[in-house]
Amino acid sequence: MSEQPAPADTARQQLEPAAAEAVRAYAARTRENADQFAAALEDIAANGLPSVEDCTPWEDLREAHLARLAAQRPAVA
């Protein structure tokens, strides 16, 4: 499939102000998460991997995340 440029006369649909603000907030959260991830990678590159004793097992992280998700979901009768 070949990619062809969009016609120049196509107007972009503007978002409602609330929707535009939601998109900006999502972009800010995504950028913050990416910055935190990049900082962690840079720390590993500069200092090496942390010792096993300083790490949390992934199973513990998984269980904590599942507990947070369960707390957010309303109980089913």
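Scroll up to find the structure this text is about.
Keep in mind it's a predicted model, so treat the numbers as computed, not measured.

Attention shifts here to the overall build of the protein. Within the protein one finds two helices and zero strands. Counting all 77 residues of the protein, 1% fall into the buried class. A total accessible area of about 7,700 Å² is found for the protein, and carbon and sulfur atoms account for 58% of it.

Attention shifts here to a nonpolar patch on the surface. Taken together, the side chains of Phe 37, Leu 41, Ile 44 and Leu 49 define a hydrophobic patch exposed on the protein surface, amounting to about 420 Å² of accessible area. On the basis of relative accessibility, which here comes to 34%, the residue Ile 44 falls in the partly exposed class.

Moving on, we come to helix 1 (residues 17–47). Over its 31 residues, helix 1 extends 45 Å from the first C-alpha to the last, a length consistent with the 45 Å expected when each residue adds 1.5 Å. With its phi angle positive at about 85°, Gly 48 sits one or two positions after the end of helix 1.

Using the criterion set out here, one finds two salt bridges in the structure. For the salt bridge of Glu 21 with Arg 24, the shortest nitrogen-to-oxygen distance reads 3.8 Å. Placement of both Glu 21 and Arg 24 in helix 1 is noted, with a separation of three residues, approximately one turn of the helix. Taking the relative accessible area as the measure of exposure, Glu 21 reaches 47% and is therefore partly exposed. Here Arg 62 makes a salt bridge to Glu 63, at a shortest N to O gap of 3.1 Å.

Procedures and definitions
Residues numbered from 1 in each chain as written. Predicted model: local features only at pLDDT ≥ 70, side-chain atom pairs only at ≥ 80, totals over all residues. Heavy atoms only, no water. Helix = DSSP H or I, 4+ residues; strand = E, 2+ residues; numbered from the N terminus. Buried < 20%, exposed > 50% of the residue type's maximum accessible area, 1.4 Å probe, protein only. Areas by Shrake-Rupley, 256 points an atom, 1.4 Å probe, with all protein chains shown as cover. Patch = residues over 30% accessible without salt bridge, like charges linked within 9 Å, V, L, I, M, F, W, Y side chains within 5 Å. Salt bridge = Lys/Arg side-chain N within 4 Å of Asp/Glu carboxyl O. Expected span 1.5 Å × (residues − 1).

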